[in-house]
Amino acid sequence: MSSLEIRGITVRYGRFTAVDGVDLDVPDGTVTGLVGESGSGKSTLGRAVVGLAPVTAGRILVDGKDMGRRPRRGPVQLVFQDPYSSLDPRMPIGASVAEALPRDGRGEVARYLEMVGIDPGRASATPDALSGGQRQRVALARALAARPGVLVADEITSALDVSVQGAVLNLLRELQRELGFAMLFISHNLAVVRYLADTVAVMDAGRLVECGPVDDVLERPSHDLTRALLSCVPTLETSP
Ligand SMILES: Nc1ncnc2c1ncn2[C@@H]1O[C@H](COP(=O)(O)OP(=O)(O)O)[C@@H](O)[C@H]1O
Ligand SMILES: [Mg+2]
């Protein structure tokens with residue numbers, strides 16, 4: 001298992017600085033929630049961690065090892081809000097999971113589908129035959145099949161019906177505890193972050209403005225933005 005260290009990461013799009021010198025740690029086997037208003041740079045930071053954003057300064061370390069400017073995808077996996085960003089709509093879901101498995105693990109498709117609550121008998125189905133929640137489960141299976149030490153989850157339940165969000169979050173929490181990966185969990189929903197994360201980091205205009213144990217920060221926020229985010233916390237339904 002692995003830890004994630006983000007050191008002075010800066011991402012610029014032209015003259016616009018989307019992420020500005022961010023330092024953040026996700027220790028081994030823990031979950032750090034990343035919150036902030038829309039446009040604050042959360043997704044850009046998540047993409048920088050997996051080498052999908054143009055990093056102009058700083059370093060990403062996984063297990064103490066520098067990932068370089070174009071990190072290999074294996075040790076760090078990203079699951080997006082839109083499952084079609086990681087799933088080919090024409091590819092059977094079993095093949096999508098198989099593609100992510102290491103060479104010696106090609107027989108494990110059924111195990112990974114089962115792990116996320118998808119009947120392995122549906123391995124030949126394409127994503128469009130599944131519900132939104134099932135598609136997100138398959139995206140998770142594909143990410144976990146690469147056996148990452150670090151998972152970046154970017155608003156992975158935001159596009160789902162409230163009625164299925166809780167089940168997917170429960171699953172993610174169980175899998176994180178069972179497999180022990182470190183997770184950067186990006187969400188605009190503080191109730192969800194409180195449910196999943198050990199630590200929370202608050203982002204504003206590309207900078208981290210507050211970071212600490214989730215209960216401390218949410219009970220005694222020291223920054224106005226955190227207070228503002230707290231004042232409009234939606235409710236979370238986690239009963240299956
Ligand atoms: N590829 C890109 N090119 C130019 N600007 C971008 C790009 N991606 C994101 N941005 C800008 O960077 C800022 C942060 O975006 P993003 O990381 O998606 O925020 P969040 O996920 O917190 O909503 C926004 O102002 C957005 O418009
Ligand atoms: Mg985003």
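Everything here concerns the structure above.
As the structure is a computational prediction, the values presented were derived from the model and not from experiment.

*Asks:* For the sheet that holds strand β5 (residues 65-66), give the residues involved together with the corresponding values.
*Replies:* Strand order in the open sheet made by the four strands is β2-β1-β4-β5, with antiparallel pairing throughout. The two strands at the open ends of the sheet, each matched to only one other strand, are β2 (16-26) and β5. In this structure, strand β1 (residues 4-13) lies alongside β2, joined through seven bridges in antiparallel fashion. Within the sheet, the bridge partner assigned to Tyr-13 lies in β2 and is Phe-16.

*Asks:* Report on the nonpolar core, specifying residues and quantitative values.
*Replies:* Residues Val-49, Ala-141 and Phe-185 are the most contacted members of the largest nonpolar core, which totals 70 residues. Discounting residues that sit within four places of it in the chain, Ala-141 has contacts with Val-97, Tyr-112, Leu-113, Met-115, Val-116 and Ile-118.

*Asks:* Outline the sheet that holds strand β3 (residues 31-36), listing residues and values.
*Replies:* With mixed pairing, six strands are arranged side by side in an open sheet as β6-β7-β8-β3-β9-β10. Taken across any chain shown, the strands that pair with only one partner, and hence form the sheet edges, are β6 (76-79) and β10 (207-213). Strand-to-strand twist of the sheet, defined as the mean angle between neighbouring strand axes without regard to direction, takes the value 15°. In this fold helix α1 (residues 42-49) packs onto β3, β6, β7 (150-154), β8 (182-186) and β9 (199-204), with an angle of close to 155° to the strand it touches most, β8.

*Asks:* An account of the packing of helix α4 (residues 132-145) against helix α5 (residues 162-179) is needed here, citing residue identities and associated values.
*Replies:* Interhelical geometry of α4 versus α5 gives an angle of 15° and a closest axis separation of 10 Å. With respect to α5, the element α4 is oriented roughly parallel. As for how α4 packs across α5, the hand of that crossing is right-handed. Residues Gly-133, Gln-136, Arg-137, Leu-140 and Leu-144 of α4 form the contact with α5, whose own contacting residues are Val-164, Ala-167, Val-168, Leu-171, Leu-172, Leu-175 and Leu-179. Taken together, the residues of the contact of α4 with α5 sort by class into nine nonpolar, two polar and one charged.

*Asks:* How would you summarise the environment of Asp-82 if you had to cite specific residues and measurements?
*Replies:* Here Asp-82 shows up in the loop between β6 and α2 (93-100). C-beta crowding within 10 Å serves as the criterion here: with 16 such atoms nearby, Asp-82 is assigned to the partly exposed category. Along the sequence, Asp-82 and Ile-156 sit 74 residues apart, while their C-alpha atoms lie 7.4 Å from each other.

*Asks:* Pulling in residues and values, what's your account of α4?
*Replies:* Over its 14 residues, α4 extends 20 Å from the first C-alpha to the last, a length consistent with the 20 Å expected when each residue adds 1.5 Å. Burial of α4 is extensive: 12 of the 14 residues sit out of reach of the surface. For α4, the set of buried residues is Gln-134, Arg-135, Gln-136, Arg-137, Val-138, Ala-139, Leu-140, Ala-141, Arg-142, Ala-143, Leu-144 and Ala-145. In the core, the buried residues of α4 are packed alongside β6, α2, α3 (109-115), β7 and α5.

*Asks:* Describe in detail the environment of Ala-125, supporting the description with residues and values.
*Replies:* Position of Ala-125 relative to the elements: it lies in the loop between α3 and α4. It is 9.3 Å that separates the C-alpha atoms of Ala-125 and Arg-90, two residues lying 35 residues apart in sequence. If near-sequence neighbours (up to four positions away) are discounted, Ala-125 is found in contact with Pro-92, Ile-93 and Leu-130.

*Asks:* Residue-level account of the packing of α2 against α4, with values.
*Replies:* Relative orientation of the contacting elements α2 and α4 amounts to 25°, with a least axis distance of 7 Å. In terms of orientation, α2 lies roughly parallel with respect to α4. As α2 packs across α4, the resulting crossing turns out to be right-handed. Contact residues: α2 offers Ile-93, Ser-96, Val-97 and Ala-100, while α4 offers Val-138, Ala-141, Arg-142 and Ala-145. For the contact of α2 with α4, the per-class residue count stands at six nonpolar, one polar and one charged.

*Asks:* Now, about the pairing of β10: what can you tell me, with residues and values included?
*Replies:* Here six bridges tie β9 to β10, and the two strands are oriented antiparallel to one another. Note on β10: the bridge partner recorded for Asp-204 is Arg-207.

Rules of the game
Residues numbered from 1 in each chain as written. Chains lettered and ligands numbered in written order. Predicted model: local features only at pLDDT ≥ 70, side-chain atom pairs only at ≥ 80, totals over all residues. Pairing = 2+ DSSP bridges. Helix = DSSP H or I, 4+ residues; strand = E, 2+ residues; numbered from the N terminus. Core = buried A, V, L, I, M, F, W, Y, C linked by C-beta atoms within 7 Å. Buried ≥ 20, exposed ≤ 12 C-beta atoms within 10 Å, placed from the backbone. Contact = placed C-beta atoms within 7 Å. Axes fitted to C-alpha atoms, helices over the stretch in contact; angles between N-to-C directions. Parallel < 35°, antiparallel > 145°, perpendicular 65-115°, else oblique. Left-handed = near helix turned anticlockwise from the far one by under 90°. Nonpolar A, V, L, I, M, F, W, Y, C, P; charged D, E, K, R; others polar. Expected span 1.5 Å × (residues − 1).

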